[in-house]
Structures are given as structure tokens and as C-alpha cells.
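Results of the structural survey
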Amino acid sequence: MKLLKLILSSMIVVAMAILCQQVISNALFNQKNKNDYAELNHVKYGLFSVEAWKRQIIVIFTEEIDKLYLSKANERELRKHVLIQLNTLIDKVDKKIREGNKGSAEGWVKQAFINIFVSLEDIKKGIPEYADALVHEMKKSKTKGQIRAMLNEQLKQYLNQTVDAGDTFQLNRILLGTDSKDIESARIKLDKTISVKNGLIFKEAVLLIVLSVFLFALSGFTRQPLAPSQYLLLVLSLIMLLIAGVTTPMIDLEAKISEMSFVLMGHPIHFENQVLYFQSKSILDVFWIMITHKDIQMKFVGVLMVTFSILFPLFKIVSSVGYYYNYHRARENPVIKFFVLKSGKWSMADVMVIAIFMAYIGFNGIITSQFGQLRSAGQELVILTTNGTSLQPGYYLFLAYTLLALFLSGFLTRKPQA
């Protein structure tokens, strides 16, 4: 019976080792994809992008130009403006001619000839006819086509002069990595990959936790002292949970505008999935950010964090093994006794779990509250906001380690076999 139990436990540990490697590999791969997907949806490529606005505005203006026509009311208004402009133009031409003819005998003769044979008042009497002729010409289909073509060309020239000076290095890197020609196709590919990987990672993480719990249950069914080999297998399972917990993302923090739309000239302007903030971090990621920060206080906090969340639990596991086997009279060593018998009252692993959970609750509440003030629903402007904050498998793996580590400490009260 003991041999069968040992074989079953060994098989579980081997399966856990394979699962642990798969969870870490898939989680890190998916973390990179999530960051790339958030980058593609960032507001700097949408709501704050000149190119994104140009793509929508040029469609609206082109459609409005193509619908250009003269109604009766517009025709009367246009004729009125043409009358004013023709009258002003004739006065300017007459003034320019008179100024050009001043100061010379030849100019005086020309101006005298004009005064005798050309009547400015007679010319102005024909302005209504000239205006009617211009309006009639503008109503022709050929003229309308030429005006539309000219307006479209001027619109394109103006938009070509308006460029986005933002940095596109990250965007180009993602498009190249996904073998995509544009942002939309890259989004579709990344979204599909992330969705598939998310399901796989959660299944692997749940299976890893279930196997570890089952392994501890095998040891807890009986009150008999644990065999050394059995205790060693439990320690290995805890180490794998700890490694998976600290290397994979624990929490995803995301705040985005899921939809923003309003109407311009009777046409909708629409933006979707505009990411304002996104972070997907593991304990090691946060430690690296802190330790590489130029502020010495941030470095100190990073060292404390990795000490209490990684080094402290590892020392506790190693000390428990030494205490269990009484290696070199380890049970009499004050450091070993502290980590095994007293550190449970001062352990920071459980505190880290609560801190991550409280950070999740706090960030979730803050974003929801702030977005509630931003959210709008009116005829002119519609803004729908989304809070995508969520706990990730790394948190549950670290939580499983914390709880099972308590049971391992309890097993030490059993008298080991000789």
C-alpha cells in the first residue's frame, strides 16, 4: 500500500512539473500578446491619432461633396453673393486702370478715351445678367463634376499636409511580428490567440492546483508520520506552485473606453476599444521595474518585496526540509527553528496574497467610480466605458502555495519515521 502511494505521488509530481512548465511558458507568451493587443488599441492610435480622424473625416467630406447641389434657396443666396462680388470686382478693375494711367501723357490719353467711350454705370447695369449666366453655368452637370473634383483634390492636399508625428516603432514591431498589413488584421489575430491561450492557461493552472491538493490529501488521510520520500514530494510540489505563482502574471489592470460616438454633419464618428491604461504583471515583473528604477527608495521596496514573497518562502521550505530530516542537528539551529516554528506568525506570503487581492478590489473600485463620471449617453455624444481589471492564474497558484504551505508546517508536528 505504501509503495502504491509513493508511485502515485511520484507520478503526480512529474505531471505537476510538466504542467508547471506549460503554465509558465503559455502565461508569459500570452502576457506579451496582451501587451501588444493593448498597444494596438491604445488611444494614441485611435482617439488621439490624426490618421484615425483623417480616415473618418475624409469619408464624411467626400460624401458631402458628392451630394453637392443647388436648391432654389441656395440658388437665390448664391446669386446674391455673385451680384455683390461682380459689383466689387468691376469697381476694383476700374480703380486699378485709373491708377495705372496716372503720371504719364499716354496714360492720360487712354483714360480720356475710356471716359468717353466706356460707361461704368452701363456695365454695372448688366451685372444681374452676368450673375444669372454664372449661376446657370454652375448648375450644369459638367460644372458640378469639375467643382466636386476640385474640392476633393483640395481636401486630399490639405489632409496630406496634416500628418501624425507620433512614434510608430512599437506599432511597426507588432505588425511585423503578426505578419499583418494593418492594425485591424493584427488585432483579429492577437485577439484569437489570446482567447485560445487564456482558456488553456486557466485549465492547466486549475489542474496543477487540483493535483497539488490531491497530493496533500493523500498525506493527510492518515495521522501516521510521513515517510521521508513523501515529505520530499510535498516540498517539490510547493516549490513548483511558488515558481509558477511568482513568474506568471497575477493581475491585469485595464481601463478603456469601449465605445465613443457622436454625429458630425449627419454622419457618425465612431471609436471602439480605446485603451487608456493596461498592465499585466507578475511579482518578478514588479520587482524588476522597482530594482531598475533610479530612485533608491524604489530599489529598497523592490528588495523587500522579493525578500518576503520569494526568498522568505524558499528559506522556510528549505528550513522545513532540514528540520524534518534533522540534517546536521538542524532542529537545534536557532535560524532553522525560527523559520519552521515561528515564522508562520510573521510570514509575508499570505500578506502578499491579501495585498494583491486588495489592490484588485481597490483599482477595480477606483476605475469604476471614475468611469461612472465619464460615462455619457446623449444624442450628441455617447461614451461607454469598461473596466477590464481581473485576477490571473498566477494569483491563484500563489494562493494555493500559501494555503498548502500551512498544511506542510502542520505535518512537521508528526514524528518522522526512523
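These remarks concern the structure in this document. Source: prediction; values computed, not measured.

1. Topic: the overall build of the protein
Within the protein one finds 15 helices and 5 strands. Scored against the burial criterion, the 418 residues of the protein give a buried share of 37%. If you take every contact in the protein between residues at least 6 apart in sequence, the share linking residues at least 24 apart comes to 78%. Total accessible area computed for the protein in this model is approximately 25200 Å², and 65% of it derives from carbon and sulfur atoms.

2. Description of the nonpolar core
Most often, soluble globular proteins keep nonpolar side chains buried together rather than apart. If you look at the biggest cluster of nonpolar residues, it comprises 45 residues, and the most contacted ones within it are Leu208, Leu238, Leu397 and Leu408. Going through the elements one at a time, helix 1 (2-40), helix 9 (183-220), helix 10 (228-247), strand 1 (251-264), helix 11 (283-291), helix 12 (296-325) and helix 15 (393-411) are the ones with two or more residues in this core. Here this core takes 10 residues from helix 10, the largest share from any one element. Residues in contact with Leu208, not counting those within four places in the same chain, are Met16, Leu19, Cys20, Leu241, Ala244 and Leu397.

3. Some thoughts on the packing of aromatic side chains
Scanning the entire structure with this criterion turns up 2 aromatic pairs. When the ring of Phe398 is compared with that of Tyr401, the centres are 5.9 Å apart and the planes differ by 45 degrees; the resulting orientation is tilted. With Phe398 and Tyr401 both in helix 15 and 3 residues apart, the pair spans about one turn of that helix. What makes Phe398 buried here is its relative accessible area of 1%.

4. A word on the pairing of strand 1
With respect to burial, strand 1 is a largely interior element, 11 of its 14 residues being buried. With 13 bridges joining them, strand 1 and strand 2 (residues 267-281) adopt antiparallel strand pairing. Pairing of Lys256 across the sheet is with Val275, part of strand 2. Between strand 1 and strand 2, which pair antiparallel one after the other, the connecting turn spans 2 residues, and Met265 there sits at a positive phi close to 55 degrees. Strand direction decides the pairing type here: strand 1 and strand 5 (residues 390-391), joined by 2 bridges, are antiparallel. Looking at the pairing, Ile251 lines up with Leu391 of strand 5.

5. As for a nonpolar patch on the surface
Taken together, the side chains of Phe113, Ile116, Phe117, Val118, Ile123 and Tyr130 make up a nonpolar region of the molecular surface, amounting to roughly 620 Å² of accessible area. Among the elements that take part in the nonpolar patch, helix 4 (residues 105-117) stands out by supplying 3 residues, more than any other. With respect to the helices and strands, the residue Phe113 is situated in helix 4.

6. A few points about the side chain of Ser237
The topology assignment puts Ser237 in helix 10. On the accessibility criterion, Ser237 (0% relative accessible area) is buried.

7. Considering helix 9
For helix 9, which comprises 38 residues, the first-to-last C-alpha distance of 54 Å matches the rise-based estimate of 56 Å (1.5 Å per residue) to within 8%. Here helix 9 starts with a cap whose side-chain oxygen sits 3.4 Å from the backbone nitrogen of Glu184, and that cap is Asp182.

8. Comments concerning the pattern of salt bridges
Across all of its chains, the model carries 6 salt bridges by this definition. We note a salt bridge from Asp36 to Lys32, for which the minimum N-O separation is 3.2 Å. Of this pair, Asp36 and Lys32 are both found in helix 1, 4 residues apart, which corresponds to roughly one turn of the helix. Note that Arg173 is salt-bridged to Asp36, the shortest N-O span being 2.9 Å.

9. Section: unusual backbone geometry
Excluding glycine, residues mostly carry a negative phi; peptide bonds, for their part, are mostly trans. The backbone of Asp179 sits at a positive phi, close to 55 degrees, despite the residue not being glycine. Position of Asp179 relative to the elements: it lies in the loop between helix 8 (169-177) and helix 9.

10. As for the packing of helix 9 against helix 10
In contact at an axis separation of 10 Å, helix 9 and helix 10 are set at 155 degrees when each is read in the N-to-C sense. Here helix 10 runs roughly antiparallel to helix 9, going by the angle between their axes. For the element pair helix 9 and helix 10, the recorded crossing hand is left-handed. From helix 9, Leu208, Ser212, Leu215, Phe216 and Ser219 reach across to helix 10, where they touch Gln230, Leu233, Leu234, Ser237, Leu238, Leu241 and Ala244. Looking at the contact of helix 9 with helix 10, its residues break down into 8 nonpolar, 4 polar and no charged.

Calculation notes
- Residues numbered from 1 in each chain as written.
- Predicted model: local features only at pLDDT ≥ 70, side-chain atom pairs only at ≥ 80, totals over all residues.
- Heavy atoms only, no water.
- Helix = DSSP H or I, 4+ residues; strand = E, 2+ residues; numbered from the N terminus.
- Buried < 20%, exposed > 50% of the residue type's maximum accessible area, 1.4 Å probe, protein only.
- Contact = heavy atoms within 4.5 Å.
- Areas by Shrake-Rupley, 256 points an atom, 1.4 Å probe, with all protein chains shown as cover.
- Core = buried A, V, L, I, M, F, W, Y, C linked by side-chain atoms within 4.5 Å.
- Phe/Tyr/Trp six-rings, centres within 6.5 Å; stacked < 30°, edge-to-face > 60°.
- Pairing = 2+ DSSP bridges.
- Patch = residues over 30% accessible without salt bridge, like charges linked within 9 Å, V, L, I, M, F, W, Y side chains within 5 Å.
- Salt bridge = Lys/Arg side-chain N within 4 Å of Asp/Glu carboxyl O.
- Expected span 1.5 Å × (residues − 1).
- Polar contact = N/O pair within 3.5 Å; in protein donor to acceptor, adjacent residues only side chain to side chain.
- Axes fitted to C-alpha atoms, helices over the stretch in contact; angles between N-to-C directions.
- Parallel < 35°, antiparallel > 145°, perpendicular 65-115°, else oblique.
- Left-handed = near helix turned anticlockwise from the far one by under 90°.
- Nonpolar A, V, L, I, M, F, W, Y, C, P; charged D, E, K, R; others polar.

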